[in-house]
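# Descriptive analysis of the structure
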Amino acid sequence: MEMDKRIHLELRNRTPSDVKELVLDNCQSCEGKIKGLKDEFEELEFLSTINVGLTSVANLPKLNKLKKLELSDNRISGGLEVLAEKCPNLKHLNLSGNKDLSTIEPLKKLENLKSLDLFNCEVTNLNDYRENMFKLLPQLTYLNGYDPDDKEAPDSEAPDSDAEGYVEGLEEEVEEDEDEEEYDEDAHPVEDEEEEEGEEGEEEHVSGEEDEGEEDYNDWEVDDEEDEEEAGGEEEKGQKRK
């Protein structure tokens with residue numbers, strides 16, 4: 001599904017300012033741009049753009065209320081300094097799977113950032129990278145789902161905890177729409193079945209009339225046989241009288 005179609009689907013009976021959660025995973029971005037995502041999504045708090053082919057976050061709209069951003073499995077290599085300007089209140093950031101990402105130093109400007117996921121990024125190959133990441137980003141509480149003492153983050157802080165449930169809900173809506181379309185397409189065959197039932201009823205009615213006619217015909221034959229027997233008896237009586 002293309003990016004603008006998915007956004008149109010999520011905007012049914014709503015305006016961009018009404019949307020607080022937006023999942024665009026596995027859509028096709030246009031030349032690294034998120035087509036259809038504009039500044040009008042001013043109330044957006046959660047945005048997921050997993051595996052959409054992004055090479056940069058420079059074209060993100062200004063989302064002042066965004067708290068959680070999913071950018072995993074893209075091709076982002078740098079340019080993270082714009083996040084502080086575009087998403088100043090960001091608390092959770094997932095950059096896992098961006099293999100060419102070599103530095104996260106610009107994230108120091110995200111003062112509210114509490115959780116960061118860098119799994120399968122180039123920076124994880126550096127010596128003592130976890131210790132260095134917590135030093136570089138003192139505001140950080142969890143890195144790849146664990147704090148500096150290797151204690152696991154609660155579910156509310158874990159990466160993708162909100163995204164999975166929301167994607168499932170969206171897929172159910174899409175399936176319901178497809179089922180409704182299939183139901184409309186199959187509406188005419190229902191009428192055909194009613195017509196067939198009507199024809200069968202007429203055939204049964206006609207056959208019933210034929211059966212009744214046959215019964216009357218048999219009754220008439222029986223009456224004729226009785227009349228002949230009576231006539232034969234009278235003749236025999238007449239002969240004996242003679």
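Residues numbered from 1 in each chain as written. Predicted model: local features only at pLDDT ≥ 70, side-chain atom pairs only at ≥ 80, totals over all residues. Heavy atoms only, no water.

### Some remarks on the side chain of Asn 98
- As for its position among the elements, Asn 98 is in the loop between β4 (92–94) and β5 (115–117).
- Residue classification places Asn 98 among the buried positions, given a relative accessible area of 0%.
- A polar contact is formed between the side chain of Asn 98 and the backbone oxygen of Leu 71, at a distance of 3.0 Å.
- In this view, Asn 98 contacts Leu 71, Ser 72, Asp 73, Asn 74, Arg 75, Ile 76, Asn 120, Cys 121 and Glu 122; residues no more than four positions away in its chain are not counted. (Helix = DSSP H or I, 4+ residues; strand = E, 2+ residues; numbered from the N terminus. Buried < 20%, exposed > 50% of the residue type's maximum accessible area, 1.4 Å probe, protein only. Polar contact = N/O pair within 3.5 Å; in protein donor to acceptor, adjacent residues only side chain to side chain. Contact = heavy atoms within 4.5 Å.)

### Details of the environment of Val 123
- Along the chain, Val 123 falls in the loop between β5 and α3 (129–136).
- By relative accessible area, Val 123 is classed as buried at 2%.
- Note: C-alpha distance between Val 123 and Lys 99 (24 residues apart in sequence) is 8.6 Å.
- Excluding its chain neighbours within four sequence positions, the residues that come into contact with Val 123 are Leu 101, Ser 102, Thr 103, Leu 118 and Tyr 129.

### Some points on the sheet that holds β4
- Reading across from one edge, β1-β2-β3-β4-β5-β6 is the order of the six strands in this open sheet, with parallel pairing throughout. Each end of this open sheet is capped by a strand with a single partner; those strands are β1 (21–23) and β6 (142–143).
- Pairing of β5 with β6 involves two bridges; the strand directions are parallel. Across the sheet, residue Leu 116 finds its bridge partner in β6, namely Leu 143. (Pairing = 2+ DSSP bridges.)

### So, the environment of Leu 95
- For Leu 95, the location among the structural elements is in the loop between β4 and β5.
- Linking Leu 95 and Asn 144, residues 49 residues apart in sequence, is a C-alpha distance of 9.9 Å.
- If sequence neighbours within four positions are ignored, Leu 95 has contacts with Leu 71, Ser 72, Leu 80, Leu 101, Leu 107, Leu 116, Asp 117, Leu 118 and Cys 121.

### A short note on the pattern of salt bridges
- Scanning the model with the defined rule gives four salt bridges in all.
- Between Lys 108 and Glu 105 there is a salt bridge, with the nearest N and O atoms lying 3.5 Å from each other.
- According to the relative accessible area criterion, Lys 108 is partly exposed, its value standing at 41%.
- With a closest N to O distance of 3.4 Å, Lys 135 and Glu 131 form a salt bridge. Separated by four residues within a single helix, Lys 135 and Glu 131 lie in helix α3, roughly one turn from each other.
- The exposed category is assigned to Lys 135, whose relative accessible area is 58%.
- Of the residues examined, Glu 131 reaches a relative accessible area of 45% and is grouped as partly exposed. (Salt bridge = Lys/Arg side-chain N within 4 Å of Asp/Glu carboxyl O.)

In short, geometric facts, not functional conclusions.
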